[in-house]
Amino acid sequence: MTQLPPFVSSGQSPLAARKLAMAHGSYQVIPDLDLELPAGKVTAIVGPNGCGKSTLLNGLARIHKPRHGSVILSGKDIHRLPARDVAQKLALLPQENSAPEGLTVSDLVRFGRHPHQSWLSQWSGEDQRALDNALTAADVLDLADRPLDTLSGGQRQRAWIAMSVAQQTPLLLLDEPTSALDLGHQIEVFELIRTLSREGKTIAMVVHDIVGACRYADHIVAMNNGRIIGEGIPQHIITPELIRDLYGVYCDVIPDPGSGNPVLVNFRQNPTG
Amino acid sequence: MKLPHYHMIAWLLLAIACLMSLLFGAGSIGPDSALGLLMGNDDPEARFVIMELRLPRLVVGLVTGLALGVAGALLQTLTRNPLAEPGLLGVSAGSAFAVTLAILLGATTASLTTLISQLGALAGCALVIAATRMQGVGQDPVRLVLAGATLTGLLLSLSSLVMLIDQRAADEIRFWVTGSVAGRSWDQLLATLPSMILAGLIIVAVVRPLASLALGEKVAMGLGHHPGLIRLAVILAVALLVGGATALAGPLAFVGLVVPFVARGFGGADIRKTLWLCLPLGPALIVSADTVSRLLVAPSEMPLGVITAIIGAPVLMIIIRSRRIPTL
């Protein structure tokens, strides 16, 4: 186990968990967890299946209520804020999204304006600007009138991300945005996420792909059995020992000749071989 | 607002259906004297036939068609199932059974019958939602309809049983239970109006959140909506609409299936576009089906429920036989 430094609150994080405990019914998934997302960075939450990373994300996004502890959104308990206020600060892209047949990209992205509208106010000039910006940011402007079911996996995922961008929130949470995509589409989505973070968004994503996480995340949170067993910038925390503790496999870690980011090679089930 | 041309066509169809409904059948005056009255000739016989027989019938048809078309579209979006239709899922049957019991127990006032009918529809909705939570049923559109057909069959048998008990009630129930817009009084119509308006207000408030629910529960929550509240509001609106329509015209199946199906064919899957199109299409279907029911076996009449079933059953088969049932 990687030794964790004592938890120190900087008070700067836009989204943090304090002594968070989450459960599915009587099954406790996360016993006690503290986390602060670094502002303006991409945080990747990694870990084996069933380690509680999606549960953590759902807790952070106010989808599920914690058993104990709290989630703090810019200084306030997220469960004491109205859903609409939260939706103006935090956008969530769940895993496995489905849309009604025939829904176009621009129809979808328009939904991102819901937290800024009420049933009395109609589509405003500001909504239109946010829509255009989101379509441009996610590079789906050319696809605006295409039905989602006619797009490639990567294009479709970019359209969903565009919907979150239209929400104009400082925070974006994504649950496995690249699973079910092939390599080219994975890179396409990761690059978009990185661009959004450079433009000032604080992003947290649950990812299965540890290799992609090493390359595209500024900050990695490694989880196992509902606990954080390692946290920090990829160069510091990605070690063969951490990978063994997470997935029970052995590998070597070498620095990427270009960026210096860790690259995992030579995966194996036994220490030697 | 700029409306696509198919909206114009739908409203035009409704206007033609309304005119036909005033010109033909129900009453012993021909189209020429009916037209004469509409043009301003004051013929007492024509006036009686139009004002007392055909006009109430037309308005009942308009209200019923509006309610059932809209309720079908709402229920289909809520269950994400294009086959979810109040008449097929047992919502109308729940409502009909409640009214049958009420008539047996001696309920006579229109407003009481309407309320009881709506409570019955609410119970039917609750059963539908419970069924969608059952393992395997919620995911499979056709199995939900099978569950609904079972419930409908059971409730209609119970209604028949009630008719065996009481001969007086039976006469009152028999024609109503096959579905008809004929012989309704203005009182009965007025009794349903407040709840129809309430349903309309609920829909206006809930339509945008409901549309987001079609993207999944978590997405809706992420956009600041409350899925539980949305479901509750939609179920309430469906119960008010179907209960009101059933109290007026009896349990009419297939209207809530055909109308949204056609509307989606033109307007796409977005619930807001579907609802806008259901406004003219639902009434147009019922009003023209009613006119046909007067003409087919004149001078007697076919029950309206038979006509809607004749139109609706093939549409049901088309949807089921299409290679893949579209998700909503």
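Our structure is the block above this text.
Fair warning: this is a prediction, and the values are worked out from it, not measured in the lab.

Enquirer: For this particular structure, what's the right way to read the overall build of chain B?
Expert: For chain B, the helix and strand inventory stands at 14 helices and zero strands. The helix and strand sequence of chain B, counted from the amino end, reads α-α-α-α-α-α-α-α-α-α-α-α-α-α. Overall size of chain B, expressed as C-alpha extent along the three principal axes, is 65 × 55 × 35 Å. Expressed as a percentage of its 328 residues, the buried residues of chain B come to 56%. The long-range fraction of contacts in chain B, counting pairs at least 24 apart against all pairs at least 6 apart in sequence, stands at 77%. Accessible surface for chain B amounts to roughly 14200 Å². Of this, 71% is attributable to carbon and sulfur atoms. Counting 20 positive and 15 negative side-chain charges, chain B places the centres of these two groups 19 Å from one another.

Enquirer: In this structure, what is going on with the overall build of chain A? I would like to understand it.
Expert: Across its full length, chain A carries nine helices and 12 strands. Taking 273 residues into account, the globule formula puts the C-alpha radius of gyration at 19 Å, and chain A, at 19 Å, falls close to it. Each of the 273 residues in chain A was classed as buried or not, and the buried ones make up 51%. A total accessible area of about 12300 Å² is found for chain A, and carbon and sulfur atoms account for 49% of it. Once the 24 positive and 28 negative side-chain charges of chain A are each reduced to a mean point, those two points are 7 Å apart.

Enquirer: Please clarify how the interface of chain B and chain A should be interpreted in this entry.
Expert: Quite often, the size of an interface is put as the accessible area lost when its parts meet. At the interface, 23 residues of chain B touch 28 residues of chain A. Of the roughly 2100 Å² buried between chain B and chain A on both sides combined, carbon and sulfur atoms contribute 61%. Across the contact surface, chain B and chain A share zero salt bridges. Across the chain B-chain A interface, the total number found is four residue pairs in polar contact (both at pLDDT 80 or more).

Enquirer: Help me out: how do you make sense of the pairing of strand β7 (residues 171-175) of chain A in this one?
Expert: Within a regular strand, side chains alternate between the sheet's two faces. Residues and elements named next belong to chain A. Of all the five residues making up β7, five are buried; the element is thus mostly covered by neighbouring parts of the structure. With burial as the criterion, each face of β7 is covered, one bearing Leu171, Leu173 and Asp175 and the other bearing Leu172 and Leu174. Pairing between strand β6 (residues 90-93) and β7: four bridges, direction parallel. Bridging from a neighbouring strand, Leu90 pairs with Leu171 of β7. Sheet topology note: the β7/strand β8 (residues 202-206) ladder contains five bridges and is parallel. Note that in β8 the partner of Leu173 across the bridge is Ala204.

Enquirer: Would you mind showing me how to read the packing of helix α3 (residues 44-79) of chain B against helix α12 (residues 255-267) of chain B here?
Expert: Describing two packed helices takes the angle between their axes plus the distance from one axis to the other. Residue and element names in this part refer to chain B. Running from N to C, α3 and α12 point in directions that differ by 75°, and their axes come no closer than 7 Å. Taken together, the axes of α3 and α12 lie roughly perpendicular to each other. Contact residues: α3 offers Leu68, Gly69, Gly72, Ala73 and Gln76, while α12 offers Val255, Gly256, Leu257, Val259, Pro260 and Arg264. In terms of residue class, the contact of α3 with α12 is built from six nonpolar, four polar and one charged.

Enquirer: What is the right way to look at the packing of aromatic side chains in this model?
Expert: A ring pair, where both rings are aromatic, is described by two values, the distance of the centres and the angle of the planes. Following the criterion strictly, the structure yields two aromatic pairs over all chains and no others. Here the aromatic rings of Phe190 of chain A and Tyr216 of chain A are separated by 5.0 Å at their centres, their planes lie at 10°, and the arrangement is stacked. One end of the pair, Phe190 of chain A, is in helix α6 (residues 183-198); the other, Tyr216 of chain A, is in helix α7 (residues 210-216), and 26 residues separate them in sequence. Of the two residues, Phe190 of chain A and Tyr216 of chain A, both sit in the buried class. An angle of 35° between the planes, with centres 5.7 Å apart, marks the rings of Tyr6 of chain B and Phe266 of chain B as tilted. In this pair, Tyr6 of chain B is assigned in helix α1 (residues 5-23) and Phe266 of chain B in helix α12, connecting sequence segments 260 residues apart. If you follow Arg110 of chain A out to its NZ or CZ, it ends over the ring of Trp123 of chain A, 4.2 Å from the centre.

Enquirer: Could you clarify how one ought to interpret the sheet that holds β8 of chain A in this entry?
Expert: Note on sheets: strands pair through backbone hydrogen bonds, and any given pair is parallel or antiparallel. Residue and element names in this part refer to chain A. The six strands lie next to each other as β6-β7-β8-β3-β9-β10, forming an open sheet whose pairing is mixed. Edge positions in the sheet fall to β6 and β10 (227-232), since each has one partner strand and no second. Ignoring strand direction, the axes of neighbouring strands in this sheet form an average angle of 15°. Pairing geometry for strand β3 (residues 42-46) and strand β9 (residues 219-224), over four bridges, is parallel. Across the sheet, Val46 pairs through a bridge with Ala222, a residue of β9. Its contacts with the sheet place helix α5 (residues 153-166) against β6 and β7, and it is angled at close to 160° to β6.

Enquirer: It is not clear to me how the packing of α5 of chain A against α6 of chain A should be interpreted in this structure. Could you clarify?
Expert: Residues and elements named next belong to chain A. Look at α5 against α6: their axes get within 8 Å of each other, and the N-to-C directions meet at 20°. Here α5 lies roughly parallel to α6, going by the angle between them. Where α5 crosses over α6, the two elements pack in a sense that is right-handed. Contact residues: α5 offers Gly153, Gly154, Gln155, Gln157, Arg158, Ile161 and Val165, while α6 offers His185, Glu188, Val189, Leu192, Ile193 and Leu196.

Enquirer: What's the story with the sheet that holds strand β2 (residues 27-36) of chain A in this structure? I'm lost.
Expert: Reading across from one edge, β2-β1-β4-β5 (chain A) is the order of the four strands in this open sheet, with antiparallel pairing throughout. Two strands in the sheet have a free side with no partner beyond their single neighbour: β2 and β5 (76-77) of chain A.

How each quantity is defined
- Residues numbered from 1 in each chain as written.
- Chains lettered and ligands numbered in written order.
- Predicted model: local features only at pLDDT ≥ 70, side-chain atom pairs only at ≥ 80, totals over all residues.
- Heavy atoms only, no water.
- Helix = DSSP H or I, 4+ residues; strand = E, 2+ residues; numbered from the N terminus.
- Buried < 20%, exposed > 50% of the residue type's maximum accessible area, 1.4 Å probe, protein only.
- Contact = heavy atoms within 4.5 Å.
- Areas by Shrake-Rupley, 256 points an atom, 1.4 Å probe, with all protein chains shown as cover.
- Lys, Arg positive; Asp, Glu negative; His and termini not counted.
- Charge placed at Lys NZ, Arg CZ, Asp CG, Glu CD.
- Rg over C-alpha atoms; globule rule 2.2 N^0.38 Å.
- Buried area = accessible area lost by both parts, 1.4 Å probe.
- Salt bridge = Lys/Arg side-chain N within 4 Å of Asp/Glu carboxyl O.
- Polar contact = N/O pair within 3.5 Å; in protein donor to acceptor, adjacent residues only side chain to side chain.
- Pairing = 2+ DSSP bridges.
- Axes fitted to C-alpha atoms, helices over the stretch in contact; angles between N-to-C directions.
- Parallel < 35°, antiparallel > 145°, perpendicular 65-115°, else oblique.
- Nonpolar A, V, L, I, M, F, W, Y, C, P; charged D, E, K, R; others polar.
- Phe/Tyr/Trp six-rings, centres within 6.5 Å; stacked < 30°, edge-to-face > 60°.
- Lys NZ or Arg CZ within 6 Å of the ring centre and 35° of its normal.
- Left-handed = near helix turned anticlockwise from the far one by under 90°.

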